Number of protein chains: 2
Amino acid sequence: MLPQRARAMLRRLVPRQPLRLFQWQAACARGASVQRRTWASMIPRPLGPWGAVGNSPPVCRRSSSTPASGPEVALTQERYPVKRLPFSTPSEADLAAFERIIPGRVVTDTEVLAASNVDWLRTVRGCSRVLLRPRTSEEVAHILRYCHERNLAVNPQGGNTGMVGGSVPVFDEIILSTALMNQVISFHSVSGTLVCQAGCILEELSQYVEARGFVMPLDLGAKGSCHIGGNVATNAGGLRFLRYGSLHGTVLGLEVVLADGTVLNCLSTLRKDNTGYDLKQLFIGSEGTLGVITAVSIQCPPKPQAVNVAFLGCPGFAEVLQTFSTCKGLLGEILSAYEFMDAECMWLVRHHLHLTSPVQESPFYVLIETSGSRAEHDAEKLNDFLEQALRSGLVTDGTVATDQMKLKALWALRERISEALSRDGYVYKYDLSLPTDTLYDLVTDLRARLGSQAKRVVGYGHLGDGNLHLNVTSEDFSRSLLDALEPYVYEWTAGQRGSVSAEHGLGFKKKDALHYSKPPAALRLMQQLKALLDPKGILNPYKTLPAQA
Amino acid sequence: MLPQRARAMLRRLVPRQPLRLFQWQAACARGASVQRRTWASMIPRPLGPWGAVGNSPPVCRRSSSTPASGPEVALTQERYPVKRLPFSTPSEADLAAFERIIPGRVVTDTEVLAASNVDWLRTVRGCSRVLLRPRTSEEVAHILRYCHERNLAVNPQGGNTGMVGGSVPVFDEIILSTALMNQVISFHSVSGTLVCQAGCILEELSQYVEARGFVMPLDLGAKGSCHIGGNVATNAGGLRFLRYGSLHGTVLGLEVVLADGTVLNCLSTLRKDNTGYDLKQLFIGSEGTLGVITAVSIQCPPKPQAVNVAFLGCPGFAEVLQTFSTCKGLLGEILSAYEFMDAECMWLVRHHLHLTSPVQESPFYVLIETSGSRAEHDAEKLNDFLEQALRSGLVTDGTVATDQMKLKALWALRERISEALSRDGYVYKYDLSLPTDTLYDLVTDLRARLGSQAKRVVGYGHLGDGNLHLNVTSEDFSRSLLDALEPYVYEWTAGQRGSVSAEHGLGFKKKDALHYSKPPAALRLMQQLKALLDPKGILNPYKTLPAQA
């Protein structure tokens, strides 16, 4: 016999078929719609002739213009101990050469460059003086062949939504933007194979394939700005990983331009191809350091006929874990996401973004998504799961949504945490893979360790994949707080045999932590691969791999 | 209104819940149980001291002993134009050194070697005089360090079930068998992560994880003999690819010993890890030419609560395709296999293996498997699909199985085609990825082209993945038939932008066809990777990549 309160909740939670949204508070829907990230897509159209460059010294000076909002971000070279490598400095002659390759798309306007020199977290800043906007892989090849010959360093840039400083220059690297490489090349309406240029924005691709009965196999908070090429280059994980797996499995082919300008066309549309080494895999997750991805072929799964989202409150982390086990068993193949966030995260999205929680205050919240081919079957499975979760006290409150707008509003609570954090102050971000059963211990541990040094210590993430996003905020960047966090967080993670970067990559900010998750022999082989594919080291230097002794 | 015949069939096919097997013919169950392949697991325990080796010339002579059955297979070096590379020849001193590394596990008995020198298709044969059976990765490292120093060529061998001559020596390469590396290292009962040595037999791993509520993400006809290390080294596809995807997505980590004996430990158990380049991907599908896989970490999905298999007869290939579209829509996420075979395949398994068809004779047969978490939901979906397929005339006859024994019997009709073919004569095997809508055209085309030159031309395969197994048989190996097939089949495939090896790899027999599916720049990079990882070329020489000019 269920206690009376639980029974009352079940009435609210477990509707008759078809599922309807219960206990929905109007205020939530008002504030929670998913917004496009706009801070990274502000680059205006090319502005014509460039200003004076080329004769100035390679070490940058503070720019007088600042990015769109907030105080000026410290230059990376001033905040971090990093030395410029002996690349050439772009000269007037170089700019003229680029102008011949991509007429009218060589950008030197300082306002435009300001936005492309700083990451969206506003934690690192380069001082590049030129941004190139090619439209085709041939143009990319031509540019790289030129840069290779001239020993010019290049920073490939997609939507500039990365979390680890991988997408902006460290010094004056030439920014090679994929923004104009935004064409769908082909889509096969039976198999769901999409082939497109690297600069297509993920959300636009999603809309494109959804109109044709498919979905993209990945989804992430930055979808409104991030480019598919950047997603692949960073092996983005995101919200659908639990269901559709890694890009190493869903990407069918890539076109990549190598450091010397060679075009490597492995843009296969075949699901299976065992002819020789699977070269495309090398570039998935290599963060633009081995080649520039110019086109992607990706397998899109059929669009589910029914999607449900349940947003639940849990009394403790043990219950979050047990709810996961229960729902894996009862939802089986229709489970498509299992996300969690702690009470601090809820505070952040309520306070900074004015979203409203649709459930009672709880120590933890869980977002469960199901995607299936038959609404009534899915509803029955979900109802059975919710009934059991409530009956056993794993869940204390909850709400379920099926219609598109309310689904999005529930998702926004989880997806916009990162945005809320960035409004809380300077953010120290850690993206860790850990054994699920001890996944939250580090958050508790750090809160005790840091005390009032930190403004906030929060934990959320893709629990279904063992992926914790640990975030610490302070009013401003603080070296002493950073020292309290690192290498402590990395050592803690290594002690659990976890990964110091589950899905964000290493970029500039995490590259020196690589050895916490990989042995020396692996590191050596990575350096050898880099030397083989980019002997002059011009592609995204200072990123991914630690500087060689 | 359905025609009367279709209505009668529906009564047979679409049972009330729970599903039962209809129209099952007792004779089928009798002959069709899945048998372990035994021809590749005949190697007896080590036999002690070796015979005379080392002073004989490197080019082999015909062996007086023959493998287990059938006439002696021609030596590869006699049948194909291939030249031995200048590796050292194993000497008495080398054997003594190996004996110190793995005492009692250095095999030189000619009977044992005969079985390991020939592939199971009995199409290629090497003349190695020594087989090593290490138990640990340290022993493999020690062996490879020694071979690297001594310039001795090594042929890594798993279950020796490959289709392209990749698993046996071409000349006198030392056979490095993973047969004794057959221990499960760990299994996580919540996440389903299995870590095991490379020599574990796939079927035994399946039983191991199934007893714990999970399944292996791959399954194939050779499961009774093939090793998981060989599966990963060849990027095996198989029968569950449609549902669980490629090993590039499901393999979480690998331990690999490099050519010089370096142990590369990337044996992560994490679902997500973006720290540096994903090195393990290099070795998946590289057929032992870049390193020897010694242990595998793999993500096992939960065991489905309900499995159904439908075996259907289709009047034409157009109906096979349309049945696939229909079942993708109606079965959605529970569809776990969509296989097809033509009438010639059915003749082969009936004639050579004495299996009985459970349905009326048809030009084509389709095997559909569903795997789901709730029997009654799955049955309802399957019934709706079958009703629609019959009503629209896509399917003319069919049977459905739910219990384990009968499921296996239906699967055997499809899984044992390869075995039946090998009893039909010499088999020319092609494993192609092609656009599904024109996938069978090549079979029809070849039948007309070859006429009486061929004994049989058959087509079957993983239609859901666009993967055709095209097989041609003749009484004995015939050079003129081979010339009629190649490069014709490859050119036809390249014309469709297909792959000349979907899942079998290139091994020895297909390596020169690589350029039909990959451009010169890709080939060049593969050669560079080989040179980087195995500068002396001692690992599985003469395989995967064409000989360099």
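- As annotated in an unreviewed UniProt entry, chain A carries the name D-2-hydroxyglutarate dehydrogenase, mitochondrial and is attributed to Canis lupus familiaris.
- Turning to chain A, the UniProt annotation filed under Function (unreviewed entry) states: "Catalyzes the oxidation of D-2-hydroxyglutarate (D-2-HG) to alpha-ketoglutarate. Also catalyzes the oxidation of other D-2-hydroxyacids, such as D-malate (D-MAL) and D-lactate (D-LAC). Exhibits high activities towards D-2-HG and D-MAL but a very weak activity towards D-LAC."
- The Subcellular location (unreviewed entry) comment attached to chain A in UniProt states, word for word, "Mitochondrion".

1. Things to note about the overall build of chain A
No. 1: Broken down by element type, chain A carries 20 helices and 16 strands.
No. 2: Counting across all 549 residues of chain A, residues that qualify as buried make up 64%.
No. 3: The contacts in chain A between residues at least 6 apart in sequence include a share of 77% that link residues at least 24 apart.
No. 4: Summed over its atoms, the accessible surface of chain A is roughly 19,200 Å², and 51% of this surface lies on carbon and sulfur atoms.

2. Some remarks on the sheet that holds strand E14 (residues 426-433) of chain B
Residue and element names in this part refer to chain B.
No. 1: Spatial strand order, E13-E10-E12-E11-E15-E16-E14: seven strands in an open sheet with antiparallel pairing. Both edges of this open sheet fall to strand E13 (397-401) and E14, since each of them pairs with a single strand only. With direction set aside, neighbouring strand axes in the sheet form an average angle of 15 degrees.
No. 2: The pairing of strand E10 (residues 306-314) with E13 spans five bridges and is classified as antiparallel. Following the sheet pairing, Gly313 is matched in E13 by Asp397.
No. 3: On top of the sheet, helix H13 (residues 343-353) reaches E10, strand E11 (335-342), strand E12 (364-372) and strand E15 (456-462); it is set at about 100 degrees to E15, its chief contact.
No. 4: The sheet contacts of helix H14 (residues 375-391) involve E10, E12 and E13, and relative to E10 the element is tilted by about 10 degrees.

3. As for the nonpolar core
No. 1: Within the largest apolar cluster, 90 residues are counted, with the highest numbers of intra-cluster contacts made by Ile228 and Phe283 of chain A together with Ile228 and Phe283 of chain B.
No. 2: Leave out the neighbours within four places in its chain, and Phe283 of chain B touches Leu525 of chain A together with Val232, Ala233, Leu254, Val256, Leu258, Leu264, Leu290, Gly291, Ile293 and Leu533 of chain B.
No. 3: Membership of the second largest hydrophobic core comes to 83 residues, among which are Val154, Phe317, Ile368 and Leu390 of chain B.

4. What to know about the packing of helix H12 (residues 317-331) of chain B against H14 of chain B
Residues and elements named next belong to chain B.
No. 1: Between H12 and H14, whose axes approach to 9 Å, the crossing angle comes to 150 degrees. In terms of orientation, H12 and H14 fall into the roughly antiparallel class. Regarding H12 and H14, the two cross each other, and that crossing is right-handed. Side by side, H12 and H14 meet where Thr323, Thr326, Cys327, Leu330 and Leu331 of the first sit next to Lys381, Leu382, Asp384, Phe385 and Gln388 of the second.
No. 2: When its residues are assigned to classes, the contact of H12 with H14 shows five nonpolar, three polar and two charged.

5. Quick notes on the relation of the copies chain A and chain B
No. 1: Each copy superposes on the other: chain A lies on chain B with an RMSD of 0.0 Å after a rotation of 180 degrees and an axial shift of 0.0 Å. Such a combination of turn and shift is consistent with a two-fold rotation axis. Within chain A, the C-alpha atom positioned nearest to the axis of rotation is that of Gly249 of chain A, 2.1 Å from it.
No. 2: A high fraction, 99%, of the interface residues of chain A reappear at the interface in chain B, so the copies pair face to face through one surface.

6. Observations concerning the interface of chain A and chain B
No. 1: Opposite the 77 residues of chain A that make contact, chain B presents 76 residues.
No. 2: Of the roughly 6,100 Å² buried where chain A meets chain B, counting both sides, 57% is carbon and sulfur surface.
No. 3: In terms of surface lost to chain B, no three residues of chain A exceed Lys272, Asn274 and Tyr277 of chain A, which account for 17% of the buried area on that side.
No. 4: Counting every contact that joins chain A to chain B gives twelve salt bridges.
No. 5: Here Asp465 of chain A ties to Lys272 of chain B by a salt bridge, and the two come within 3.7 Å at their closest N and O atoms.
No. 6: In this assembly, chain A and chain B are joined by 41 residue pairs in polar contact (both at pLDDT 80 or more).
No. 7: For the side of chain A that touches chain B, the secondary-structure elements that each account for two or more residues are helix H9 (241-244), helix H10 (247-250), strand E8 (263-266), helix H11 (280-283), helix H12 (317-331), helix H14 (375-391) and helix H20 (520-533) of chain A.
No. 8: When residues of the side of chain A that touches chain B are assigned to their parent elements, the largest contribution, ten residues, is made by H20 of chain A.
No. 9: For the side of chain A that touches chain B, the class distribution of residues is 27 nonpolar, 32 polar and 18 charged.

7. Describing the environment of Val164 of chain A
Residue and element names in this part refer to chain A.
No. 1: For Val164, the position within the fold is in the loop between strand E3 (154-157) and strand E4 (174-177).
No. 2: Expressed as a C-alpha distance, the spacing of Val164 and Tyr430, which sit 266 residues apart in the sequence, is 9.4 Å.
No. 3: Ignoring any residue separated from it by four or fewer positions in sequence, one finds Val164 in contact with Glu287, His504, Gly505, Leu506, Gly507, Phe508, Lys509 and Lys510.

8. Structural notes on the sheet that holds strand E5 (residues 184-187) of chain B
All names here are of chain B.
No. 1: The five strands are arranged E5-E6-E9-E7-E8 in an open sheet whose pairing can be described as antiparallel. A strand with exactly one partner marks an edge of an open sheet, and here the two such strands are E5 and strand E8 (263-266). Between one strand and the next, the sheet's axes are offset by a mean angle of 10 degrees, whatever the strand orientation.
No. 2: With four bridges connecting them, strand E7 (residues 251-257) and E8 associate as antiparallel partners. Within E8, the residue paired with Val257 across the bridge is Val263.

9. What about the environment of Pro302 of chain A?
All names here are of chain A.
No. 1: Relative to the helices and strands, Pro302 resides in the loop between strand E9 (292-299) and strand E10 (306-314).
No. 2: A residue is classified by how much of its surface remains accessible, and Pro302, at 48% relative accessible area, is partly exposed.
No. 3: Sequence separation of Pro302 and Gly192 is 110 residues, and the distance between their C-alpha atoms is 7.2 Å.

10. Description of the pattern of salt bridges
All names here are of chain A.
No. 1: Per the counting criterion, the structure on display carries 54 salt bridges over all chains.
No. 2: The partner of Arg240 in a salt bridge is Asp219, and the shortest N-O contact between them spans 4.0 Å. Taken together, the residues span a long stretch of sequence, with Arg240 in the loop between helix H8 (228-233) and H9 and Asp219 in the loop between helix H7 (202-210) and H8 at a distance of 21 residues. When sorted by exposure, Arg240 lands in the same class as Asp219, which is buried.

11. A short note on H14 of chain B
All names here are of chain B.
No. 1: When the terminal C-alpha atoms of H14 are compared, their 24 Å separation across 17 residues agrees well with the 24 Å that a helix rising 1.5 Å per residue should span.
No. 2: When H14 is considered as a whole, its buried residues turn out to be His377, Asp378, Ala379, Lys381, Leu382, Asn383, Phe385, Leu386, Ala389 and Leu390.
No. 3: Trailing H14 by a residue or two, Gly393 shows a phi angle of about 80 degrees, which is positive.

12. Describing helix H20 (residues 520-533) of chain B
No. 1: Between its first and last C-alpha atoms H20 of chain B spans 20 Å; for 14 residues at 1.5 Å apiece the expected length is 20 Å, and the two agree.
No. 2: Among all positions in H20 of chain B, only Ala521, Ala522, Leu523, Leu525, Met526, Gln527, Leu529, Lys530 and Leu533 of chain B are buried.
No. 3: Where H20 of chain B is buried, its residues touch E8, H11 and H20 of chain A together with helix H11 (280-283) of chain B.

Rules of the game
Residues numbered from 1 in each chain as written. Chains lettered and ligands numbered in written order. Predicted model: local features only at pLDDT ≥ 70, side-chain atom pairs only at ≥ 80, totals over all residues. Heavy atoms only, no water. UniProt positions renumbered as here; feature names shortened; annotations may be inferred. Helix = DSSP H or I, 4+ residues; strand = E, 2+ residues; numbered from the N terminus. Buried < 20%, exposed > 50% of the residue type's maximum accessible area, 1.4 Å probe, protein only. Contact = heavy atoms within 4.5 Å. Areas by Shrake-Rupley, 256 points an atom, 1.4 Å probe, with all protein chains shown as cover. Pairing = 2+ DSSP bridges. Axes fitted to C-alpha atoms, helices over the stretch in contact; angles between N-to-C directions. Core = buried A, V, L, I, M, F, W, Y, C linked by side-chain atoms within 4.5 Å. Parallel < 35°, antiparallel > 145°, perpendicular 65-115°, else oblique. Left-handed = near helix turned anticlockwise from the far one by under 90°. Nonpolar A, V, L, I, M, F, W, Y, C, P; charged D, E, K, R; others polar. Least-squares fit on C-alpha atoms with pLDDT ≥ 70 in both. Buried area = accessible area lost by both parts, 1.4 Å probe. Salt bridge = Lys/Arg side-chain N within 4 Å of Asp/Glu carboxyl O. Polar contact = N/O pair within 3.5 Å; in protein donor to acceptor, adjacent residues only side chain to side chain. Expected span 1.5 Å × (residues − 1).

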